[in-house]
There are 2 protein chains.
Amino acid sequence: MSDRIANALLRGKVMSADEAAQLIDNGDKVGMSGFTGAAYPKALPTAIAKRAKEAQAKGDSYKIDVFTGASTAPDCDGVMAEAGAINYRMPYQSDPIMRNAINAGEMKYQDIHLSHSGQYVEHGFYGKLDVAVVEVTRITEEGHLIPSSGVGNNVDYLDAAKKIIIEVNSWQSLDLEGMADIHRIGHLPNRTPIPIVHTGDRIGNTYIDIDVTKVVAVVETDAPDRNAPFKPVDEQSRKIAGYFLDFLEGEVQGGRLAYDNYVMQSGVGNVPNAVMAGLLDSKFENIEAYTEVIQDGMVDLIDAGKMTVASATSFSLSPEYAEKMNAEAKRYRKHIITRPLQVSNHPEVIRRVGLISSNGMIEADIYGNINSTHVAGQRIMNGIGGSGDFTRNARISTFISPSDAKGGAISAVVPFASHIDHTEHDAMVVITEYGVADLRGLAPRDRTAKMIAVAHPDYRPLLEEYVERASKSKFHHTPHDLATALSFHERLLETGSMKK
Amino acid sequence: MSDRIANALLRGKVMSADEAAQLIDNGDKVGMSGFTGAAYPKALPTAIAKRAKEAQAKGDSYKIDVFTGASTAPDCDGVMAEAGAINYRMPYQSDPIMRNAINAGEMKYQDIHLSHSGQYVEHGFYGKLDVAVVEVTRITEEGHLIPSSGVGNNVDYLDAAKKIIIEVNSWQSLDLEGMADIHRIGHLPNRTPIPIVHTGDRIGNTYIDIDVTKVVAVVETDAPDRNAPFKPVDEQSRKIAGYFLDFLEGEVQGGRLAYDNYVMQSGVGNVPNAVMAGLLDSKFENIEAYTEVIQDGMVDLIDAGKMTVASATSFSLSPEYAEKMNAEAKRYRKHIITRPLQVSNHPEVIRRVGLISSNGMIEADIYGNINSTHVAGQRIMNGIGGSGDFTRNARISTFISPSDAKGGAISAVVPFASHIDHTEHDAMVVITEYGVADLRGLAPRDRTAKMIAVAHPDYRPLLEEYVERASKSKFHHTPHDLATALSFHERLLETGSMKK
């Protein structure tokens, strides 16, 4: 047995994943660790999937509700979705098999602001949580849990659950101990301020204290986190990133930002990678991140001495960088803090630190409403994740995206967003490879020209025609032509392209 | 000269409103006090309107940008809009003349989350503010300003402006002194937590300290605030309020609320009035309000000993109650706190105190997206106000509305919201005179039946037909039929009714 389980009581609970899965009943509400491809349970999901398949073979039902921090990985969301083991899932997913199951109507999914997800459980909206399944690096003698590569909603789920199953993953470095900063925001009606003033402030413990008597199983694993490999920066991403950096430069010139007080929030993807690569060569110094996930580019910025501290709730590292993190966690933990999701994504701290948010999108409309989740208003891709938490509370909110997708069949600028995740009240700046649409301080009609200027040239005439039609409305504040407002999306569904 | 101007320097700045208006130049950005029909400047707007008309008569241009706390009154927004004196207006308005000017495309309006408005100015999105025009109850010997019936964005505008014009209104009671709690949230990058733990906590000064050398004019007025008279509660409002109170009762039964820890946020209108009347006879005790405006119903709850404290940024009282407040401010200031808008509406405090929000709407769609602002997606009514600040950060967010409007021509439940101010990620509960649609924990398709059940019976068959058509989509997570998604609104524009 691993010496990573130092608590005597919990050493007595060690069993196989298959045995532990027997403790999760049909219909149970299960809160799991996991945020992007990090820190999710590596063994239980497969055992749950197996149990579901066995039940189906016998004509029985076995489905559970699964709550996590955010997306997980193929050996978590993927295996359970493939086995039809999930009835309801929240708050976020990005697994291809699960996405198909959701769009096929085979499982229920609720796409929730990440900062709300732990709170919904705490407030009792789901009743009592049955089981928490949480991966850790080690268990201390006192029975405290040392988080692995992410914290997510672990504290909320461990506190709320009737039963706890712990996975101790010896792939995770023991040197991660000291990186996590565990602070509970407190229960109503006695919540107190979160005392983070600067992104690097540590305000809690390095461990999660739990009621050890709730632990029903401890499972040993030795399996890597699974995130997507790093993609080299392409030309289009470099262009968009260039405009983003130009925008930052403009803020400095305008006296609204200084080279040494840029606090970054960044979504995941090619463009954020390119932005972080660009920051390596920029005039910005002492960059801080107050964000959701630690990405390769932030590790590079730390190594280059450009970033002093990165606060997040989890890693989202390529396999190569995850190995590097495991090897050098002792060094990185001076610069990296992992916090509970209710702290990393809390409007209170986000608004206080004055960050500039930067998130991807599927489409924006001519007035700046943003669709982050649904193609043609119906086919859900991933979810809103934390983009709402950061966008609404950022000092400046930006959306960065290529101007088209699917070889030009889909325009990122449309007349009327087919699903709205961030309203015209929230989006300030939209950036594509054609430039920056700075919507701050603009009434709706003054936004359309800015938005069309960052659309793909192939779509600009169609958008201008729409604005012309809309201008015949009786109402000139936010004019629309309702009959053709969704025409781009109707064409996409009918012909496979938004083009005429 | 009034003894309300105790500072010697500022006594030397007293002049007429017409003289003071000469200090506001064409093109100026002017931050005014005012939040609902309270605490707005009573004299300058009329003088500005006069100046604009004189300029127009000479063929000159005279237009200013006007920033306030929220809506004001006919003798502020109304007179300036009527004179065509405004180029750009933010963050909120509700004046009929101004609304028409906006929808006619004659003036620009940006509808902004109230908690963002002061911050946008602070962050320099508009450049330097030229003038602040702020009503006060009195000026102390030190030159401190004692707020009148509201605080709004006064602190931000007074801090940011190059020039200050003060209106000292002797209609406002001197006993209001002590009601305001002035706290600055601090400038980036050194913001600190807002130390409010309980709604009644006082954390600042009773006055606003200003740079007196910026004051260019002091104008004396004696004019009442102007809010709409109280309307008696009608049968429909009583029904909706009944369902809201039933919902609260259900939360208590479900262990998610206690009779003595209800923290209220409430929009303005007939239904909120009915809710507050209903609370008088309920089992709820020690009710607290952490909200935007003090309404008649809260005064009644305080008088009945049912409400211990009401925190807001301004009054929104009927003329009768405003007189009562003026007469008895000494008593009420033990129970009422007026705060800067950046505090009253700050996500930090809203989320901390765990309030239940309750706001009106124009329409909700079958998945729970909420339109608060635009009829048929185009004709703006008022604005989002603080409803986004409260909805996103409430413990439980509710929207309350009659199921139809304009004699049945407009349904409050539609297939696809024609403008979205609060997304499906934010709205938890929708209440009409037909009941409660509790959307918490539900995937989109499970929401449609709940939403249709609270629609007006005349519209239910049309909504069911739409759901049936939408179910033929290839995508079953959030199915839509795009060709008819906006058909209710198209019919309204074509025929004057959403009915077939």
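All chains use their own residue numbering, which begins from 1 and follows the written sequence. For this description, chains carry letters from A and ligands carry numbers from 1, given in the order in which they are written. Where totals are concerned, whole chains, interfaces and linings use all residues; where local detail is concerned, this predicted model gives features only for residues with pLDDT of at least 70, and gives and counts side-chain atom pairs only at 80 or more. Hydrogens and water molecules were not included; the side-chain quantities draw on all heavy atoms of the structure.

Chemist: Describe the relation of the copies chain A and chain B, listing the residues and the values that go with them.
Modeler: Least-squares superposition aligns the copies on the C-alpha atoms of those residues with pLDDT at or above 70 in both. Note on the copies: chain A fits chain B at an RMSD of 0.0 Å, the axial shift is 0.0 Å, and the rotation between them is 180°. Put plainly, the chains are arranged around a two-fold axis. No C-alpha of chain A lies nearer the rotation axis than that of E348 of chain A, which sits 2.0 Å from it. Any two residues having at least one pair of non-hydrogen atoms within 4.5 Å are treated as being in contact. Most of the interface of chain A is mirrored in chain B: 100% of its interface residues are interface residues there too.

Chemist: Tell me about the interface of chain A and chain B, and name the residues and values.
Modeler: Counting residues at the interface gives 87 residues for chain A and 87 residues for chain B. Two parts placed together each lose some accessible area under a 1.4 Å probe, and adding up what both lose gives the buried area. Roughly 7,100 Å² of surface becomes buried between chain A and chain B when both sides are summed, with 57% attributable to carbon and sulfur atoms. Among the residues chain A hides against chain B, the three largest losses belong to R351, R392 and H425 of chain A. Together they make up 12% of the total. A carboxyl oxygen of Asp or Glu within 4 Å of a side-chain nitrogen of Lys or Arg is what we treat as a salt bridge. Here chain A is connected to chain B by four salt bridges. Salt-bridge contacts for R352 of chain B lead to E348 of chain A; the nearest nitrogen and oxygen are separated by 3.0 Å. Polar contacts, as used here, are pairs of N or O atoms within 3.5 Å; protein pairs need one atom able to donate a hydrogen and one able to accept it. Residues neighboring in sequence count only if both atoms are side-chain atoms. Counting the contacts that link chain A with chain B gives 36 residue pairs in polar contact (both at pLDDT 80 or more).

Chemist: Residue-level account of the UniProt feature "domain: Acetyl-CoA hydrolase/transferase C-terminal" (unreviewed entry) in chain A, with values.
Modeler: UniProt positions are given in the numbering used here, feature names are shortened, and annotations may be inferred rather than shown by experiment. Under the UniProt annotation, "domain: Acetyl-CoA hydrolase/transferase C-terminal" (unreviewed entry) lies at residues 333-466 of chain A. Taken end to end, residues 333-466 of chain A is 26% helix and 26% strand, and its first and last C-alpha atoms sit 52 Å apart. In this text, helices come from DSSP runs of H or I with a minimum length of four residues, and strands from runs of E with a minimum of two, each type numbered from the N-terminal end.

Chemist: Help me get a handle on the environment of S314 of chain B, residues and values and all.
Modeler: Residues and elements named next belong to chain B. With respect to the helices, strands and loops of the structure, S314 is situated in strand β13 (residues 314-315). The residues touching S314, leaving out its near neighbours within four places in the chain, are F35, T36, A38, S149, G150, E292, V293, I294 and T338. Reaching out from S314, the side chain makes a polar contact with the backbone oxygen of S149 at a distance of 3.4 Å.

Chemist: I'd like a description of the pairing of strand β3 (residues 86-90) of chain A, backed by residues and values.
Modeler: Residues and elements named next belong to chain A. Burial of β3 is extensive: four of the five residues sit out of reach of the surface. Pairing analysis gives four bridges linking strand β2 (residues 64-67) to β3, with the strands arranged parallel. Paired with D65 across the two strands is Y88, which belongs to β3. Throughout, right-handed denotes a crossover for which the path from the first strand over the helix to the second runs clockwise when the strands point away from the viewer. Read as a crossover between parallel neighbours, the route from β2 over helix α4 (residues 74-82) to β3 is right-handed. A pair of strands is labelled paired if DSSP reports no fewer than 2 bridges between them. Bridging between β3 and strand β4 (residues 108-109) involves two bridges; their strand directions are parallel. Within the sheet, the bridge partner assigned to R89 lies in β4 and is Y109. This β-α-β element, β3 to helix α5 (residues 96-103) to β4, shows right-handed connectivity. Relative accessibility thresholds used throughout: buried, under 20% of the residue-type maximum; exposed, over 50%; partly exposed, between the two (1.4 Å probe, protein chains only).

Chemist: Mind laying out α4 of chain A, listing which residues take part and the relevant values?
Modeler: Among the residues of α4 of chain A, D75, C76, D77, G78, M80 and A81 of chain A are the ones counted as buried. Lining the buried residues of α4 of chain A we find β1 (29-32), α3 (44-57), β2, β3 and α5 of chain A.

Chemist: Pulling in residues and values, what's your account of unusual backbone geometry?
Modeler: Residue and element names in this part refer to chain A. Geometrically, the link from L188 to P189 is a cis peptide bond, its omega value of -5° lying close to zero. Note that P189 resides in the loop between β7 (161-169) and β8 (215-221). In the Ramachandran plot, K406 falls in the positive-phi region, its phi being about 50° despite a non-glycine side chain. Looking at the secondary structure, you find K406 in the loop between β21 (404-405) and β22 (410-411). Here K406 falls in the exposed class, since its relative accessible area comes to 69%.

Chemist: Quick rundown of the domain arrangement of chain A? Include the residues and the values.
Modeler: Residue and element names in this part refer to chain A. Annotation comment: domain bounds sourced from an automatic or database domain assignment. Along its sequence, chain A is carved into domain 1 (8-221) and domain 2 (235-495). Relative to domain 2, the C-alpha centre of domain 1 lies at a distance of 29 Å. Contacts between the two partners involve 50 residues from domain 1, matched on the other side by 47 residues from domain 2. Across the domain 1 to domain 2 interface the summed buried area is about 3,900 Å²; carbon plus sulfur atoms make up 55%. On the domain 1 side of the contact with domain 2, M179, I194 and T199 bury the most area, a combined 19% of that side's loss. Where domain 1 packs against domain 2, one counts one salt bridge.

Chemist: For the sheet that holds strand β16 (residues 363-365) of chain A, give the residues involved together with the corresponding values.
Modeler: Residues and elements named next belong to chain A. Spatially, the three strands line up as an open sheet ordered β17-β16-β23, and their pairing is mixed. Both edges of this open sheet fall to β17 (370-371) and β23 (413-414), since each of them pairs with a single strand only. Pairing of β16 with β17 involves two bridges; the strand directions are antiparallel. Considered in β17, the bridge of A364 is made with I370.

Chemist: Now, about α3 of chain A: what can you tell me, with residues and values included?
Modeler: Residues and elements named next belong to chain A. Between the first and last C-alpha of α3 there are 20 Å, a value that for 14 residues agrees with the 20 Å anticipated at 1.5 Å per step. Every buried residue of α3 is listed here: L44, P45, A47, I48, A49, R51, A52 and A55. Count one or two residues on from α3 and you reach G59, which has phi positive near 80°. Here a helix's expected span is defined as the number of its residues, less one, multiplied by 1.5 Å.

Chemist: Describe in detail the pairing of strand β24 (residues 429-432) of chain A, supporting the description with residues and values.
Modeler: Residues and elements named next belong to chain A. Of the two faces of β24, the one carrying V429 and I431 and the one carrying V430 and T432 are both buried. As paired elements, strand β20 (residues 396-400) and β24 share three bridges and run parallel to each other. By the bridge assignment, F399 is partnered in β24 with V430. Of the strand pairs in this sheet, β24 and strand β25 (residues 435-438) are connected by four bridges, and their pairing is antiparallel. Of the residues in β25, the one forming a bridge with V430 is A437. The hairpin turn running from β24 into β25, its antiparallel successor, is two residues long.

Chemist: Lay out the UniProt feature "domain: Acetyl-CoA hydrolase/transferase N-terminal" (unreviewed entry) in chain A with the relevant residues and their values.
Modeler: Summarizing the sequence annotation, UniProt attributes the feature "domain: Acetyl-CoA hydrolase/transferase N-terminal" (unreviewed entry) to residues 13-220 of chain A in the numbering used throughout. From the first C-alpha to the last, residues 13-220 of chain A spans 11 Å; its make-up is 25% helix and 21% strand.

Chemist: For the packing of helix α15 (residues 444-453) of chain A against helix α16 (residues 460-470) of chain A, give the residues involved together with the corresponding values.
Modeler: Residue and element names in this part refer to chain A. Taken N-terminus to C-terminus, the directions of α15 and α16 make an angle of 165°; their axes are 10 Å apart at the nearest point. On the basis of their axis angle, the class for α15 and α16 is roughly antiparallel. The crossing of α15 and α16 is right-handed. Contacts from T448, I452 and A453 of α15 reach α16 at R460, L463, E464 and V467. A class-by-class count of the residues in the contact of α15 with α16 yields four nonpolar, one polar and two charged. Between N-to-C directions, angles span 0 to 180 degrees; the directions come from axes that are lines fitted to C-alpha atoms, helices contributing only their stretch in contact. Angles below 35 degrees are treated as roughly parallel, those above 145 as roughly antiparallel, those between 65 and 115 as roughly perpendicular, and all remaining angles as oblique. Crossings are sorted by hand: turned counterclockwise from the far helix by less than a right angle, the near helix makes the crossing left-handed, and turned clockwise it makes it right-handed. Three residue categories are used. Nonpolar comprises Ala, Val, Leu, Ile, Met, Phe, Trp, Tyr, Cys and Pro, charged comprises Asp, Glu, Lys and Arg, and polar comprises the others, including Gly.

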